[in-house]
Amino acid sequence: MPAISEFVAKTNSERPPRHHEYYLEGADLIIRVDNTLFRIHRYFLKRDSAYFREQIPHPPSPGDHVKGCSDNNPLDLQDVLKVDFERFLWVFYNPKYSLYDATIEEWTSILKLAHQWDFIEVKALAIRELENLRIPALQKIVIYQTYGVDRKYLQAAFTALAVRDEPISVEEGRELGLETALQLAHAREAARAPNKRLGNPRSPVNIAGSDLDALMRDIFQLSPPEVASSTSQLVNGRRTPSGGRDSPQLGTQTNWRSSSPSASPQGGSPNGPANGNTNGTTNGHVNGLTNLSTPIGAPRAFNFNGRTTYK
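A quick note: this is a predicted structure, and the numbers were derived from the prediction, not measured.

Enquirer: Help me understand the sheet that holds strand β1 (residues 18–23) in this model?
Expert: Pairing between sheet strands relies on hydrogen bonds along the backbone, with the strands arranged either parallel or antiparallel. If you trace the 4 strands from one edge of the open sheet to the other, you get β1-β3-β2-β4, paired in mixed fashion. Strands with a single pairing partner mark the edges of an open sheet, and in this sheet they are β1 and β4 (75–76). Two elements, strand β2 (residues 29–33) and strand β3 (residues 36–40), share 5 bridges in a ladder whose sense is antiparallel. Bridge pairing in β3 places V33 opposite T36. Helix α4 (residues 82–92) rests against β1, β2 and β3 of the sheet, and its axis sits at about 15° to β3.

Structure below.
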């Protein structure tokens, strides 16, 4: 006898606890949710849900051991929270009959399980009750879209987000989902455009230049652009950017010839460049006027636009 009592005590200690309200005497289905035992009437579940008509076996014959017939062999419902299941059962066992006084959170739990298990009438009830409550626009859109409620119930919520001053934030966009967030962005832009029926042009963009660049960097969290470093070269003692306006255009020859051999000092060719300049330029060339070097006291020859004069 002591061995039997110890076995019974051990079995009872390992068995999940019974729910304080929804373990009903006379009910015929035992369900385990979130490691808690519920004893309810299978009639409600099988009547209203195609899902449970497949999951719940027929009432067992005496001596049969099927799922849901005892505490030791309950029907397990996976991925269901105890609090959500309690709220769902309240719809069937509400002591106030047709008076359903519940919060947004409670009706959301009921809507969630009704959608998950295909309780059509219970889902319709949850939607009717939610429609009677004041729900923030963003919260309502998220709830209804998550649990497959017809979008026709969301027009007022969509309108509220489209006309409000504040733009849709990144966090709100994540909650709404990509498609809905883009649709709302389109609605907000269209709502602020001039009335085309009146022939008004589209409103101009009121920001440009560095302000527009700063706005884009702020919204899209962009890093400032890197300033490209320019290659510089040393010319006549000055460091100028390569290809800049101050860079000399090398390789352009002046179209002149010396009128006398003395015009080529330092051993240069009479017809070659003066002062040893390899590109044919001369330090005496100013605004098209070229001073041809001559000895002191001798007439000096000037070449102006292809004509040679002597002074």
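Enquirer: Can you help me understand unusual backbone geometry in this one?
Expert: For residues that are not glycine, phi is negative in most cases, and the peptide bond is trans in most cases. Positive phi is not limited to glycine here, since N35 has a value of about 60°. Looking at where N35 falls in the secondary structure, it is placed in the loop between β2 and β3. In this model, D79 sits at a positive phi of 60°, which is unusual for a non-glycine residue. Mapped onto the elements, D79 comes out in the loop between β4 and α4. Owing to a relative accessible area of 74%, D79 belongs among the exposed residues under this scheme.

Enquirer: Explain the nonpolar core here, please?
Expert: When a protein is soluble and globular, its nonpolar side chains tend to lie buried together. Counting residues in each nonpolar core, the largest one holds 46 residues, and the members touching the most others are I31, F85, F88, W117 and F119. Of all the elements in the fold, those that place two or more residues in this core are β2, β3, α4, α5 (104–117), α6 (120–131), α7 (137–146) and α8 (155–163). Sort the elements by how many residues they give to this core and α5 lands first, with 7 residues. Not counting residues within four places of it along the chain, the set of residues in contact with F119 comprises F44, L45, D48, S49, F52, F88, F92 and A114.

Enquirer: What's the story with the environment of T180 in this structure? I'm lost.
Expert: Tracing the backbone shows T180 in helix α10 (residues 178–192). Of the residues examined, T180 reaches a relative accessible area of 5% and is grouped as buried. Each C-alpha atom of the pair T180 and I141 lies 9.3 Å from the other, and the pair is 39 residues apart in sequence. Looking at T180, its side chain comes within polar contact range of the side chain of Q145, at 2.9 Å.

Enquirer: It is not clear to me how the side chain of K123 should be interpreted in this structure. Could you clarify?
Expert: The residue K123 is located in helix α6 in this model. In this structure K123 is buried but unpaired, with D118 as the nearest side chain of opposite charge at 7.2 Å.

Enquirer: I would appreciate a short explanation of the pairing of β2 in the present structure.
Expert: Every regular strand shows the same layout, with side chains that alternate between the two sheet faces. A large share of β2 lies buried, amounting to 4 of its 5 residues. The turn linking β2 back onto β3 is made up of 2 residues, and D34 within it adopts a positive phi angle of 55°. In the sheet, β2 pairs with β4 via 2 bridges, with the strands oriented parallel. Its bridge partner being in β4, R32 is matched across the sheet by D76.

Enquirer: Where do I start with α5 in this structure?
Expert: Helical geometry note: an α-helix holds 3.6 residues per turn, so side chains three or four residues apart project in the same direction. Here α5 contains 14 residues, and its C-alpha end-to-end distance of 20 Å stays within 8% of the 20 Å for a straight helix at 1.5 Å per residue. Every buried residue of α5 is listed here: I104, W107, T108, S109, I110, L111, L113, A114 and W117. Looking at the buried side of α5, the elements it contacts are α3 (50–55), α4, α6 and α7.

What counts and what doesn't
- Residues numbered from 1 in each chain as written.
- Predicted model: local features only at pLDDT ≥ 70, side-chain atom pairs only at ≥ 80, totals over all residues.
- Heavy atoms only, no water.
- Pairing = 2+ DSSP bridges.
- Helix = DSSP H or I, 4+ residues; strand = E, 2+ residues; numbered from the N terminus.
- Contact = heavy atoms within 4.5 Å.
- Axes fitted to C-alpha atoms, helices over the stretch in contact; angles between N-to-C directions.
- Buried < 20%, exposed > 50% of the residue type's maximum accessible area, 1.4 Å probe, protein only.
- Core = buried A, V, L, I, M, F, W, Y, C linked by side-chain atoms within 4.5 Å.
- Polar contact = N/O pair within 3.5 Å; in protein donor to acceptor, adjacent residues only side chain to side chain.
- Lys, Arg positive; Asp, Glu negative; His and termini not counted.
- Salt bridge = Lys/Arg side-chain N within 4 Å of Asp/Glu carboxyl O.
- Expected span 1.5 Å × (residues − 1).

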